[in-house]
Each structure stands twice: as structure tokens, then as C-alpha cells.
Amino acid sequence: WGPGEWRAMVQAASQVADWRGARRLLDAMGRCGMPADGPAYGHALVACARASELEAPMALLEELREAGVPPELRPLNQLIAACGRRGKWKLASYLLAKMPELGTRPTTVSYNSALGALSRAGQWEEATRLLRSMPRDTPPDVVSYSTVVAACRRGGATQQALDLLDEMRVGGGDGGGDGGGGPLPPAPNAFTFTTAVTALAEAGRWREALQMYDDMPSSLPPNEALLHAAVVAASAGGEWRRSLELLGVRLAEGGDEGGDEGGGGAKEAASEQAAAPEPAVAPPVRRKSRYGGAFESEELAAPTSEPRYGGAFRK
């Protein structure tokens, strides 16, 4: 067999996450006198990453180093991401720092993989330091910043998350220069805002969370995760009307869709509903909801007509 056939065999093992089989094939290559092959080792590293095996790759990387063969970029990035899934943020940081020594230049994706590992572990200080240390020729993108914002949220550093968001909103760049030689921070995306709104809601700052939701650029339509974060914030403040509005539900308040701040319209609607004949449906059931007290009302628990927003309302 030539190098192509060996690579194909190791790749087949990697596709089913058979890192032991990939290891045996590499050993067989050596016994047949084949030199260390970067692509074949890359497939073996991918097999380890897919299987979340983190010990065997270190031996593979050492063999490549001794042979003077730099590992391929993509397998290293996947390996760093696998460290994050296993909660091994220190190993992820080590692999990122080791890449230049191995002869592989890290890219923004490499940094983002390490930042993801730090974020999963709530290591917001380490993540912030890594973000600030990214070289000018590998500037952070919106994923980099958003991942660090998420790390701050998980670590309870709400103000630091907001500071990063403000930095992005002021910069609003695309990775280009700012005229002074440095890259502008990227503009925030929907995930960034979702994380910031969630951080505020979890910190009990529900008014600020709703204000941030309202101030989102119109170019960023809210997704389900952002809607959920805003509903949680409104429920935390007892703003049950706002929660319903966020879900796209309009209470029948005398035909005024805008609502009635005094609550008179809601009371009239409730009176009319009480006076109306009982519908031929099962009686309402009071049940718990993660959105809080406002969503435990009998009116909402009663099986009425199909909500026009379907799954989002049921969720």
C-alpha cells in the first residue's frame, strides 16, 4: 500500500471514532517502513477528538514532533474543542499555546475553540485574558467576543459581560483597521444579546434586561433563545403582561390590543369569560411553570384555542 491507501484506512477509523483502530493502523504503517504521515496522523487525531479521548493524542503529537512533521490545523482545532466538551480547559489552553512549537499556526478558529473550553468551565478571567492576547494578524471575531460574554455569564461576572457588549456596540467593526492600526471589535449578533439579556435576568436586573431587549438593532430579529431570556426577565419582575406580549399573545381587553395599564380591560374580559357558557373542554388545570407565577393562571392553563405562535407558546 502507498500513503493514500493508509490514509483512507485511518480516515475510515476516524469516521466511526475508532481511535484505537487508527492507532493500530499508524503502528502498522511504521512496521511497513512508512514515514510519519501528517494527514494520516490528522485522521487519527480526529478519531480521538470524536471519541473525546484526550490521552492518546498527546503521544501522537509527540511522535509528529520527533519526526519533524507539523500536525494539520483542523484536527488540532477539533482536539481543542474536545477538551472543552470534557471540561479540560487547561489542556485546551495548553494545546493552543503548543501549536507554534509544533509548527502549526493557530487561527481565529483555534482561539475560539480554546475560548469555548474556557467558557464552558466559567473561566471568564482566563477567557478575557486570552481574548486580549489574540495577535493582530489573528483578530477576534464575533464568535470570540460572544464566547467570552458567555463565559462571564457562567462565571457570574455580569458587569464584565456588559462591558464587552458595550465594546462591541461602540466598535461595530468587521475585523478591519480602526485607522490607528488596531482591529475594531466586531458588531454583536443575536447570540451576544441573548447571553447579555440572560446574564442580566439571572442577576435580578430584569429592567435592564428588558431595556436591552428593546434596544436591540432591528437588523437582528429575536430568536427563540432571546425570546426565552426576555420572558424570564419579565416574569422575574412580575411583568406578566409583558411576558404575554413577548410571546405574541394579545389579551382581549375591550378590543384594545395595546393593553390597559390599569388592568380594567383585563378584569372586564375576565368577567365576560366567567359569564359565558362553559366550553366543552376539560376543566383548567393549575400547573407549575418555569416562567413563574404569571404563567400559573387558570386562564392560561385552560385548553382554549390553538395559539397562533404554536410551539413557542407551548414551550
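Residues numbered from 1 in each chain as written. Predicted model: local features only at pLDDT ≥ 70, side-chain atom pairs only at ≥ 80, totals over all residues. Heavy atoms only, no water.

Caption draft 1: Molecular detail of the packing of helix α1 (residues 3–15) against helix α2 (residues 19–31). Where α1 meets α2, the closest approach of the two axes is 8 Å, and the angle between their N-to-C directions is 165°. The orientation of α1 with respect to α2, classified from their angle, is roughly antiparallel. Once α1 is placed against α2, the crossing between them reads as left-handed. On α2, the residues touching W6, M9, V10 and A13 of α1 are G21, A22, L25, L26, A28 and M29. Counted by class, the contact of α1 with α2 contains nine nonpolar, one polar and no charged residues. (Axes fitted to C-alpha atoms, helices over the stretch in contact; angles between N-to-C directions. Helix = DSSP H or I, 4+ residues; strand = E, 2+ residues; numbered from the N terminus. Parallel < 35°, antiparallel > 145°, perpendicular 65-115°, else oblique. Left-handed = near helix turned anticlockwise from the far one by under 90°. Contact = heavy atoms within 4.5 Å. Nonpolar A, V, L, I, M, F, W, Y, C, P; charged D, E, K, R; others polar.)

Caption draft 2: Examining unusual backbone geometry more closely. Despite not being glycine, A17 has its phi angle at roughly 60°, a positive value. Looking at where A17 falls in the secondary structure, it is placed in the loop between α1 and α2. The partly exposed category is assigned to A17, whose relative accessible area is 25%. Positive phi is not limited to glycine here, since S52 has a value of about 55°. Relative to the assigned elements, S52 resides in the loop between α3 (38–50) and α4 (56–67). (Buried < 20%, exposed > 50% of the residue type's maximum accessible area, 1.4 Å probe, protein only.)

Caption draft 3: Representation of helix α9 (residues 142–154) within the structure. Here α9 is 13 residues long and its end C-alpha atoms lie 18 Å apart, about the 18 Å a rise of 1.5 Å per residue gives. Buried residues of α9: S144, Y145, S146, T147, V148, V149, A150, A151 and C152, and no others. Tucked inside the fold, the buried residues of α9 contact α7 (108–120), α8 (124–133), α10 (158–171) and α11 (190–202). With its phi angle positive at about 75°, G156 sits one or two positions after the end of α9. (Expected span 1.5 Å × (residues − 1).)

Caption draft 4: Here's a closer look at the environment of E72. When you line up the elements, E72 lands in the loop between α4 and α5 (73–85). Judged by its relative accessible area of 34%, E72 falls in the partly exposed class. A C-alpha to C-alpha distance of 9.6 Å links E72 and R105, two positions 33 residues apart in sequence. Residue contacts for E72: discarding those within four places in its chain leaves G38, P39, G42 and T104.

Caption draft 5: Spotlight on the environment of Y111. The topology assignment puts Y111 in helix α7. Setting aside residues no more than four positions away along its own chain, Y111 makes contact with L96, P106, L130, M134, P135 and T138.

Scope: geometric values only; no functional claims are made or implied.
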